[in-house]
Amino acid sequence: MGNKLKLKKKIIDAEGIRRALTRIAHEIIEKNKGVEDLVIIGIRTRGVPLARRLAARIEDIEGVEVSVGILDITLYRDDLSMVAQQPIVHKTEIPFDITGKQVILVDDVLYTGRTVRAALDALIDIGRPRVIQLAILVDRGHRELPIRADYVGKNLPTSQDEVVDVNLREIDELDNILLMTRK
């Protein structure tokens, strides 16, 4: 099976991503009745810039700075042997105690739910948050685990042979979400 991908459709542009994150920020504030004890943790890689952008939106709205952490889940994955011979492990950077906090876990795409399951295991090893909520830019369906997002930028039903390609300027030098298909 080749890994050649072909553009099927441009789903969201930079402005659409900005609007989705602004809406999610408002939803987070509303659901949590403010930002007291709120921390945002991005799952490496693309969850990190999304977490930082959400924190900036919340600060713009509420005038309160929200702590942002970075979670690397490489060693918590249940498919580690399929990922790579020697997986590259990055650092988890959460320079604050998450015990008793309202944690907003952020990632770009929710697919099978396995990444989120690994992230939950990693977070519980770090501390005991009062609550963990999940913010996702794109929910593409096909769950293999009973996991759902609390905040979703875009629901995008996909087929198994499609790939959701999220590009963020901090990593990819532009903002967009593309639906790709395997050739």
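Attention in this report is confined to the structure presented alongside it.

Parameters and conventions
Along each chain, residues carry numbers from 1 onward, in the same order as the chain's sequence is written. Where local features are concerned, this predicted model is filtered to residues with pLDDT of at least 70; where side-chain atom pairs are given and counted, the filter is 80 or more; whole-chain, interface and lining totals use all residues. The basis for every side-chain value is the complete set of non-hydrogen atoms in the structure, without hydrogens or water. Every angle, taken between N-to-C directions, lies between 0 and 180 degrees, and every axis is a line fitted to C-alpha atoms, over only the stretch in contact when it is a helix. Secondary structure elements follow DSSP: runs of H or I no shorter than four residues count as helices, runs of E no shorter than two count as strands, and numbering proceeds from the N terminus. If you view the pair so one helix is near and one far, a crossing is left-handed when the near helix is turned anticlockwise from the far one by less than a right angle, and right-handed when it is turned clockwise. Contact definition: two residues touch when any of their heavy atoms are within 4.5 Å. Buriedness of a pocket was judged along seven lines, with at least five required to meet protein on both sides within 12 Å; pockets are open sets of points on a 1 Å grid over the protein atoms alone, cavities are sets where a 1.4 Å probe fits but cannot get out, and lining residues have an atom within 4 Å of a point. Grid points are joined across faces, edges and corners, and a volume is the space filled by probe spheres set on the points. Three classes are used: nonpolar for Ala, Val, Leu, Ile, Met, Phe, Trp, Tyr, Cys and Pro, charged for Asp, Glu, Lys and Arg, and polar for all others, with Gly counted as polar. The pairing test for Phe, Tyr and Trp rings, Trp by its six-membered ring, is centres within 6.5 Å, and the orientation test on the planes gives stacked under 30 degrees, edge-to-face over 60, and tilted for anything in between. Geometrically, a lysine NZ or arginine CZ counts as sitting over a ring once it is within 6 Å of the ring centre and also within 35 degrees of the ring normal. As used here, the term nonpolar core means buried Ala, Val, Leu, Ile, Met, Phe, Trp, Tyr and Cys residues forming a set that is joined through side-chain atoms within 4.5 Å. A simple rule labels every residue: compare its accessible area, found with a 1.4 Å probe on the protein chains alone, to the largest value its type can have, and call it buried under 20%, exposed over 50%, or partly exposed in between.

1. Considerations on the packing of helix α1 (residues 14–31) against helix α2 (residues 47–62)
And then number 1: Two numbers describe how α1 lies on α2: the axes approach to 9 Å, and their chain directions differ by 60°. For the pair α1 and α2, the crossing hand works out as right-handed. In this structure, α1 uses Ile17, Arg18, Leu21, Thr22, Ile24, Ala25, His26, Ile28 and Ile29 to contact α2, whose residues at the interface are Leu50, Arg53, Leu54, Arg57, Ile58, Ile61 and Glu62.

2. Observations regarding empty space enclosed by the protein
And then number 1: Taken as a whole and assessed by the stated rule, the structure comprises one cavity of 30 Å³ or more.
And then number 2: Of the volumes computed, that of the largest cavity is approximately 30 Å³.
And then number 3: Lining the largest cavity we find Leu21, Ile24, Leu50, Leu54, Val106, Asp107, Ala135, Ile136 and Leu137.
And then number 4: The element best represented in the lining of the largest cavity is strand β5 (residues 131–139), accounting for three residues.
And then number 5: Looking at side-chain class alone, the lining of the largest cavity contains eight nonpolar, no polar and one charged residues.

3. A look at the packing of aromatic side chains
And then number 1: All chains considered together, the criterion is met by zero aromatic pairs.
And then number 2: Between the NZ or CZ atom of Lys31 and the centre of the ring of Tyr151, over which it lies, the distance is 5.6 Å.
And then number 3: It is Arg140 that lies over the ring of Tyr111; its NZ or CZ is 3.9 Å from the centre.

4. Observations concerning the nonpolar core
Nonpolar side chains in soluble globular proteins tend to be buried together.
And then number 1: Core analysis: the largest hydrophobic core is formed by 31 residues, its most contacted members being Ile40, Leu54, Ile58, Leu137 and Ile177.
And then number 2: Top element by residues in this core is α1. It accounts for seven residues.
And then number 3: Apart from the residues lying within four places of it in its own chain, the contact partners of Ile58 are Ala25, Ile28, Ile29, Val35, Leu38, Ile40, Gly63, Val64 and Val66.
And then number 4: Counting 21 residues, the second largest nonpolar core, distinct from the first, contains Ile41, Val116, Ala118 and Val152.

5. Focus: the layout of surface pockets
And then number 1: One number sums up the size of the second largest pocket: a volume of about 300 Å³.
And then number 2: Arg140, Glu162, Val163, Val164 and Arg182 are the residues nearest the centre of the second largest pocket, which is lined by eleven residues in total.
And then number 3: At four residues, the largest contribution of residues to the lining of the second largest pocket is made by strand β7 (residues 162–167).
And then number 4: Residues of the lining of the second largest pocket, tallied by class, amount to five nonpolar, two polar and four charged.

6. A closer look at unusual backbone geometry
And then number 1: Looking along the chain, the bond that leaves Arg44 and enters Thr45 is cis, with omega of 15°.
And then number 2: Within the secondary structure, Thr45 sits in the loop between β2 (38–43) and α2.
And then number 3: Unlike most non-glycine residues, Lys33 shows phi in positive territory, near 50°.
And then number 4: Despite not being glycine, Glu173 shows a phi value in the positive range, around 70°.
And then number 5: Tracing the backbone through its elements, the reader meets Glu173 in the loop between α5 (169–172) and β8 (176–182).
And then number 6: Exposure remark for Glu173: the relative accessible area of 73% places this residue in the exposed category.

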